[in-house]
Amino acid sequence: MQENFSLKPFNTFGVEAKAKYFVEVNTVEELIETLKHSNTQTLPLLFLGGGSNILFTKDFDGLAIQLNLKGISEEFLNKNEVLVTAKAGENWHEFVMYCLGKNYGGLENLSLIPGNVGTSPMQNIGAYGTEIKDHFVSCKVLNLQTLEVETFDLEKCRFGYRDSIFKQEGKNQYVILEVSFKLTTQNHSIKTEYGAIKSELENLGIINPTIQDVSKAVINIRQSKLPDPKKIGNAGSFFKNPTIPLAQFEDLKLKFENIQGYPNGNFVKVPAGWLIEQCGWKGKQIGNVASHQLQSLVIINATGNASGKEIFDFSALIIDSVKEKFGIELEREVNIL
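Thresholds, definitions, all that
- Residues numbered from 1 in each chain as written.
- Predicted model: local features only at pLDDT ≥ 70, side-chain atom pairs only at ≥ 80, totals over all residues.
- Heavy atoms only, no water.
- Helix = DSSP H or I, 4+ residues; strand = E, 2+ residues; numbered from the N terminus.
- Rg over C-alpha atoms; globule rule 2.2 N^0.38 Å.
- Buried < 20%, exposed > 50% of the residue type's maximum accessible area, 1.4 Å probe, protein only.
- Contact = heavy atoms within 4.5 Å.
- Areas by Shrake-Rupley, 256 points an atom, 1.4 Å probe, with all protein chains shown as cover.
- Lys, Arg positive; Asp, Glu negative; His and termini not counted.
- Charge placed at Lys NZ, Arg CZ, Asp CG, Glu CD.
- Domains from an automatic or database assignment.
- Buried area = accessible area lost by both parts, 1.4 Å probe.
- Salt bridge = Lys/Arg side-chain N within 4 Å of Asp/Glu carboxyl O.

Peer 1: Could you clarify how one ought to interpret the overall build of the protein in this entry?
Peer 2: Scanning the protein from terminus to terminus reveals eight helices and 20 strands. In summary, the protein has a C-alpha radius of gyration of 21 Å against a globular reference of 20 Å for 337 residues, a match within 12%. By its C-alpha atoms, the protein is 60 × 55 × 35 Å across when sized along the principal axes. Per-residue burial over the protein gives 49% buried out of 337 residues. Counting contacts in the protein only where the partners sit at least 6 residues apart, residues at least 24 apart contribute 60% of the total. Surface summary for the protein: the accessible area is close to 16,300 Å², and the carbon and sulfur share equals 47%. Here the protein contributes 34 positively and 39 negatively charged side chains, and the mean placements of these two sets differ by 3 Å.

Peer 1: Where do I start with the domain arrangement of the protein in this structure?
Peer 2: Accessible area lost during the coming together of the parts is what is often quoted as the interface size. Looking at the protein, the domain boundaries give domain 1 (2-67), domain 2 (72-224) and domain 3 (233-336). Centre-to-centre, using C-alpha coordinates, domain 2 lies 25 Å away from domain 3. Contacts between domain 2 and domain 3 engage five residues on the former and six residues on the latter. Together, the buried faces of domain 2 and domain 3 total about 630 Å²; carbon and sulfur atoms form 43% of this surface. Looking only at domain 2, the three residues that lose the most surface to domain 3 are Tyr 161, Arg 162 and Lys 167, adding up to 60% of its buried area. One can count zero salt bridges joining domain 2 with domain 3.

In structure tokens form, the structure reads like this:
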């Protein structure tokens, strides 16, 4: 266990923050032993994955635990279905590539999403018409009160849009150890209707795409629009796409003819990036922080020297301007500490 430990390498924003204590665990047994240790039982806990969905606005006065649980296993259910289980410390994109290498279908639209497998159920990660709940079977978690391993199925996780029980009443109550997905081995369901996938496949000269082709298209799109966290600090999409009542959307359409929206019953999901761009934030920089010039939904550590508070304050200005212009209050997707 290390003291006064820098968390800068453990968050993709690359902001400086220190943990009072830090430890890396490689097995569930090591994790339980760490949590049983008398010196840690009264400390606040922070479990670190890939650091791609977190913003440190101050030092962490507790114990930060890096979950380095690794391993992937498979169980064939029938001719067309396989249950694939990955430990929490596996890199998400590498896990998707592993599945595609075995020709297991279902996760290809989620290629190149940053982070680790263990954090994927927390906010029900999704992209290009797919969310992990579409293929999720269960996850094993450690109950931090009893230190016993429990299994959460799809229903118990209560997935919503970028939401789950782990962000609601289960927050700080459990740590995810591994996740299991049901994927296809032969009769794959190809999803190309969302976003720019179809046009990117056309650019690649592909008419009858495989799951590998879809993944390649998604990777190309993400790389063209989103900055690489290894090169410039960011956490991907900083805000959720807001969902508003249909009546409110119709009123806004009278004032803003070009407003974009995706209807779902009596509600409409409005792209947060469009709202932010209409407020003049695309490419705008204040001090060390900016909205990315190609994707206004992404806030970046433009100089590499931004503090977490600077980034948070920048996001607050965006929220205020969107609320003033459209009457819609954006919600941060990134966890703030």
